[in-house]
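# Coordinate inspection notes
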Amino acid sequence: MPETFDLILKGGEVVNQDGRGLRDLAIRDGKIAGIGLFSADQAAETIDATGLTILPGVIDTQVHFREPGLTHKEDLETGSRAAVMGGVTAVFEMPNTNPLTTSAETLAAKVAAGHHRMHCDFAFFVGGTAENVDDIPELERLPGAAGIKVFIGSSTGNLLVEDDYNLERILKKLWRRASFHCEDEPRLRERMNLRVPGDPSSHPVWRDPIAALKATERLVTLARKHGKRVHVLHISTAEEIRYLAHHKDVATAEATPHHLTLVAPDCYKRLGTYAQMNPPVRDAAHQTIIWEGVRTGVIDILGSDHAPHTHEEKHHAYPGSHSGMTGVQTLVCTMLDHVAKGRLTLERFVDLTSAGPARLFNIAAKGRIAEGYDADLTIVDLKRRQVIRNDWIASRCGWTPYDGVEVQGWAVGTIIRGKRVMWEGEIATPSQGEAVRFGETLRG
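Residues numbered from 1 in each chain as written. Predicted model: local features only at pLDDT ≥ 70, side-chain atom pairs only at ≥ 80, totals over all residues. Heavy atoms only, no water.

## Re the overall build of the chain
How we decide: The secondary structure listing takes helices from DSSP runs of H or I that are at least 4 residues long and strands from runs of E that are at least 2 residues long, numbered from the N terminus. In this description the radius of gyration comes from C-alpha coordinates, and the expected globular size is given by 2.2 Å times residues to the power 0.38. Each residue's exposure class comes from its accessible area (1.4 Å probe, protein chains only) as a fraction of the maximum for that residue type: buried when under 20%, exposed when over 50%, partly exposed otherwise. Should any heavy atoms of two residues lie within 4.5 Å, those residues are counted as being in contact. Only the protein chains shown count as cover for residues, and all accessible areas are computed by the Shrake-Rupley method using a 1.4 Å probe. Positive: Lys, Arg. Negative: Asp, Glu. His and the chain ends are not part of the count. For charged residues, the charge sits on one atom: NZ in Lys, CZ in Arg, CG in Asp, CD in Glu.
Counting its regular elements, the chain contains 14 helices and 17 strands. Relative to the compact-globule value of 22 Å for 444 residues, the chain shows a C-alpha radius of gyration of 21 Å, a close match. C-alpha atoms of the chain, sized along the principal axes, occupy 75 × 50 × 40 Å. In the chain, which comprises 444 residues, the share counted as buried stands at 62%. The contacts of the chain with a sequence gap of at least 6 include a subset with a gap of at least 24, amounting to 74%. Carbon and sulfur atoms make up 51% of the accessible area of the chain, which totals about 15900 Å². Side chains of the chain carry 51 positive and 58 negative charges; the gap between the two charge centres is 3 Å.

## Considering the packing of aromatic side chains
We count it as follows: In this analysis, rings of Phe, Tyr and Trp, with Trp reduced to its six-membered ring, are considered paired at centre separations within 6.5 Å, and the interplanar angle assigns stacked below 30 degrees, edge-to-face beyond 60, and tilted for intermediate values. Geometrically, a charge over a ring is one whose NZ (Lys) or CZ (Arg) sits within 6 Å of the ring centre while staying within 35 degrees of the ring normal.
Throughout the structure, instances matching the rule amount to eight aromatic pairs. Each ring, one from Tyr-274 and one from Trp-399, has its centre 4.7 Å from the other, and the planes form 90 degrees; the classification is edge-to-face. One end of the pair, Tyr-274, is in the loop between helix H10 (266-271) and helix H11 (284-296); the other, Trp-399, is in the loop between strand E14 (377-387) and strand E15 (406-416), with 125 residues separating them in the sequence. The class for Trp-399 is buried, based on a relative accessible area of 1%. Within the aromatic cluster, the residues linked to one another by ring pairs are Phe-92, Phe-125, Phe-361 and Phe-438. The ring of Trp-423 carries the charged tip of Arg-420 above its face, separated from the ring centre by 5.1 Å.

## Focus: helix H2 (residues 104-114)
Put simply, the rule is: Taking the helix axis as origin, the arc is that swept by the directions to the C-beta atoms.
Within H2, burial applies to Leu-107, Lys-110, Val-111 and Gly-114. One face of H2 carries all of its buried residues, which in axial projection span an arc of 100 degrees. In H2, those exposed residues whose orientation departs by more than 90 degrees from the buried face are Glu-105 and Ala-112. Contacts from the buried residues of H2 go to helix H1 (76-85), strand E7 (88-93), strand E8 (121-127), helix H3 (136-139) and strand E9 (145-151). Just downstream of H2 lies His-116, where phi reads positive at about 55 degrees.

## Some points on the pattern of salt bridges
Put simply, the rule reads: For this analysis, a salt bridge means a side-chain nitrogen from Lys or Arg found within 4 Å of a carboxyl oxygen belonging to Asp or Glu.
The final tally for this structure, using the stated rule, is 36 salt bridges. Here Glu-347 ties to Arg-20 by a salt bridge, and the two come within 3.9 Å at their closest N and O atoms. Placement of the pair is Glu-347 in helix H14 (residues 346-361) and Arg-20 in strand E2 (residues 19-28), with a sequence separation of 327 residues. Overall, Glu-347 belongs to the partly exposed group, its relative accessible area being 38%. A salt bridge links Arg-420 to Glu-45; the shortest N-O distance between them is 2.4 Å. Of this pair, Arg-420 sits in strand E16 (residues 419-423) while Glu-45 sits in strand E4 (residues 43-48), and the two are 375 residues apart along the sequence. When salt bridges with common partners are traced through the structure, they connect Lys-31, Asp-121, Lys-366, Asp-374, Asp-376, Arg-417 and Glu-434 into a single cluster.

## Some details on the pairing of E8
Note the cut-off: Strands are labelled as partners when DSSP assigns at least two bridges between them.
For E8, a buried count of seven out of seven residues is recorded, marking the element as mostly surrounded by other parts of the structure. Burial of E8 is two-sided: the residues Asp-121, Ala-123, Phe-125 and Gly-127 facing one way and the residues Phe-122, Phe-124 and Val-126 facing the other way are all buried. With four bridges connecting them, E7 and E8 associate as parallel partners. When the bridges of E8 are listed, Glu-93 appears paired with Phe-124.

## Overview of the sheet that holds E8
Our working definition: For every element, the axis is a line fit to its C-alpha atoms; helices are fit only across the contacting stretch, and the angle between N-to-C directions ranges from 0 to 180 degrees.
In spatial order, the strands read E6-E7-E8-E9-E10-E11-E12-E13; together these eight strands make up an open sheet with parallel pairing. At either end of the open sheet lies a strand with only one pairing partner, and these are strand E6 (58-63) and strand E13 (301-302). Sheet analysis places E6 next to E7, joined by four bridges and oriented parallel. What sits directly across from Val-58, in E7, is Val-88. Against the sheet, H2 makes contact with E7, E8 and E9, and its axis sits at roughly 165 degrees relative to E8, the strand it touches most.

## Comments concerning empty space enclosed by the protein
Going by this rule: Two kinds of site are reported from a 1 Å grid over the protein atoms alone, namely cavities, where a 1.4 Å probe fits but cannot get out, and pockets, open sets with protein on both sides within 12 Å along at least five of seven lines, and residues are called lining when an atom falls within 4 Å of a point. Grid points are joined across faces, edges and corners, and a volume is the space filled by probe spheres set on the points.
This structure, assessed with the given rule, holds six cavities of 30 Å³ or more. Of the voids in this model, the second largest cavity is the one considered here, and its volume is about 60 Å³. In terms of lining, the second largest cavity is formed by Pro-257, His-258, Ser-304, Met-325, Thr-326, Gly-327, Thr-330, Leu-331, Thr-334 and Tyr-402. Only helix H9 (257-261) and helix H13 (331-340) provide two or more residues apiece to the lining of the second largest cavity.

Structure follows, in structure tokens:
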């Protein structure tokens, strides 16, 4: 009697650890159960993937879904809906909500709020502060915790740890890899007078490359002193790439699609405050070196830094306007367009968005298309050309900086633990998101 499966994807090009090739995938009980050649009568459901490319599920390790407290911008349901619409199968959400995610209770509340309400799988960072230092060894190992996140430079929320004394206290307590927003707060305060009212192009003048480099240098020095693993988020400067190339034993690094795609001063002329981010989008000289960091491996993963604000909040005159833009829904398509243009190989994209996150954060049973792993798949049409439109954006704020931009490469399907969650722009399965598991947080 032939072996039976829940789902077979037939005829697609599969990209996994042994390269690219035409293969069928068989799924049973939410797991990859076979890779090879199967007949349609071996499964309850078959998807014809002819002409499509099947990637390991894309994991976005930096999103801000604003719940609780700021749900007029986004919540866990709308943010995760945007994620799966764009082909993302799991997200790591940030702690700068209201209340802040800094305790076992606030983390547990988020995990409960996301369970079977979010459309994708999820984990939540816990904010590291001067007040919860002693709790960090427990907090970073709780179920659903992606680890500790520390803001060395100020951004949305109230989680700033700007001084080396408290930064060192936090580092001493860490067991897992922790993530850091690196901008030097004293330098940002000193340079506030360089902000030009009404001119968002002065944003990268105020939050200059030295501010980013100084914070990164401070962090890496302390991490090396205490033998800790650190992850530097949203690299925006050439200087950081050159510095981190010599410190890969302790520091990993993330790039964002907007720092690899948008460029100053054009983005500020075209988008105004809608291009305003922390750290800022900079000129082509910095972008060129960040791309070099992608090619040489200094950059380990991609994260969207999805940080939605309403039109009203973005329309305030600079510097009263809010920093942040949407990104989770456009991560896949904008980066596949770079693949189509020859700036990035498809295999490198997979490493940056699935294998890389699994490796850095020790994610259990995700990040590969291999037997026994969760059947998380991002199914794309590499030849499809599509114009990104605001009305496609599922985020509550309803806008994207890429409105009107044509890309080549599009996510046509999102499968999570064997369930077809999104197919051809439609939600296909009610929300069934569950907490991502990590090697350090497994229970039982």
